[in-house]
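Listed below are the residues making up each chain.
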Amino acid sequence: MSITVEYDRDADADVHLYEELYAGLPVPAPDLTREDLDRPAAVAVARRPDGELLGWAEVHDHDDRTADAQWLLVSRERERISTGRAVRRAATDEDLETVVRLLRGAANSAAAAGRTALEWDGSGDGLDARIAAELGAEESEELGRRWTTTAPLADWRPQQDLPPVTVRPVPGKPDARLLAEHARFYSDVTGQPYTPEDAAEVHADLPPLPQATLDLLTPAGDVAAQATAVILDETAHVDVIFRSQAADTEAAVLTAFVAELVALLRREHPGAGTLEVQEHGDPVTAEALAAAGLCVTDRWCRYRMGL
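A brief report on the enclosed structure follows. (Residues numbered from 1 in each chain as written. Predicted model: local features only at pLDDT ≥ 70, side-chain atom pairs only at ≥ 80, totals over all residues. Heavy atoms only, no water.)

Examining helix H1 (residues 13-22)
Part 1: Along H1, the residues classified as buried are Ala-13, Asp-14, Leu-17, Tyr-18, Leu-21 and Tyr-22. On an axial view of H1, the arc spanned by its buried residues comes to 160°, and they lie on one face.
Part 2: Check the buried side of H1 and you find it contacts strand E1 (4-8), strand E2 (42-47), strand E3 (53-61), strand E4 (66-73) and helix H2 (74-83).
Part 3: Where H1 terminates, the next one or two residues include Gly-24, which has phi positive at roughly 85°. (Buried < 20%, exposed > 50% of the residue type's maximum accessible area, 1.4 Å probe, protein only. Helix = DSSP H or I, 4+ residues; strand = E, 2+ residues; numbered from the N terminus. Arc of directions from axis to C-beta. Contact = heavy atoms within 4.5 Å.)

Structural data, given as structure tokens:
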């Protein structure tokens, strides 16, 4: 398979690559304005012989001994941007070879800079184990897991002893009051400042697919957790259950929240037969999902390769 890998050490290399990635798509390229310290030390770029861009890997200095690689496959990223959802189709042999060559290029660059190891985060799309095997890399940390219901949602039944909870379905176009509430909630979850305008963008950026968003409320009426289920191919996908650290929500309450989400899906999206939830290394959410009867069906990790 003819794939060439080159290095681009231009300070704005990734900016130009994103412009190439977004060319012809119905959305503009993102603004990559940032501090010089955030720019990659090097970029490995993979192309076909005719110059078509296949992907790239940015190399960042993690510390004096370790470099961090962040890789991207153009075909899958363009599909994700166009459809507004994660790409779940099986990876091709070309995808595998492209990523392996990019990471080898990133490793060569890191070794030349005196680093002794290269690390990267898996994508959870089926390529991770094959890439690690090709490169002789090892799992260094589990980053998250995907949990799935084992029975059709129409037959799923919650536990009998769940605590009572107050929930609120979120309309497709939240009003100013609700956006202000969500801005405060997002600020608490992320530790970053959010404005109502930012919260409106979060809602506007959801994919153009059938979906349902549900808020979990504290006794005082504040938002304690939020989940958005996007329905695709009879499966309701939840990328993450956001939860407020300030609310200190117990696992049993989150389990009840999941039960309310299933009830909402049954009412508004009866065609959804399965619920799938991603959990990003959060033990409280994991306990809640297990109690709700979901099982781990996939996982993704951070990988480390000695140089």
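Moving on from the model shown.
As for the packing of aromatic side chains
Part 1: All chains considered together, the criterion is met by 4 aromatic pairs.
Part 2: Where Tyr-18 meets Trp-56, the ring centres are 5.0 Å apart and the plane angle is 80°; that geometry is what we call edge-to-face. Of this pair, Tyr-18 sits in helix H1 while Trp-56 sits in strand E3; the two residues are 38 residues apart in sequence, bridging distant segments of the chain.
Part 3: Summarising the aromatic geometry, the rings of Tyr-186 and Tyr-194 are spaced 5.6 Å apart at their centres and angled 65° between planes, so their arrangement reads as edge-to-face.
Part 4: Overall, Tyr-186 belongs to the buried group, its relative accessible area being 6%.
Part 5: Aromatic rings pair up to connect Phe-185, Tyr-186 and Tyr-194 into one cluster. (Phe/Tyr/Trp six-rings, centres within 6.5 Å; stacked < 30°, edge-to-face > 60°.)

A closer look at the pattern of salt bridges
Part 1: Under the criterion given, the structure shown has 23 salt bridges.
Part 2: In this structure, the salt-bridge partner of Arg-48 is Glu-52, at a minimum N-O distance of 2.6 Å.
Part 3: Under the relative-accessibility criterion, Arg-48 is labelled partly exposed at 25%.
Part 4: A residue is classified by how much of its surface remains accessible, and Glu-52, at 40% relative accessible area, is partly exposed.
Part 5: Among the ionic pairs, Arg-76 bridges to Asp-95, the shortest N-O distance being 3.7 Å. Taken as a pair, Arg-76 in helix H2 and Asp-95 in helix H3 (residues 93-112) lie far apart in primary sequence, 19 residues in all.
Part 6: A cluster of three or more residues bridged by salt bridges with shared partners is formed by Asp-68, Glu-119, Asp-121, Arg-302 and Arg-304. (Salt bridge = Lys/Arg side-chain N within 4 Å of Asp/Glu carboxyl O.)

Re the pairing of E2
Put simply, side chains in a regular strand alternate between the two faces of the sheet.
Part 1: With respect to burial, E2 is a largely interior element, 6 of its 6 residues being buried.
Part 2: With 5 bridges joining them, E1 and E2 adopt antiparallel strand pairing. Note on E2: the bridge partner recorded for Glu-6 is Val-45.
Part 3: Of the pairings in the sheet, the one linking E2 to E3 comprises 6 bridges and is antiparallel in character. (Pairing = 2+ DSSP bridges.)

The quantities given are spatial measurements derived from coordinates; they are silent on function.
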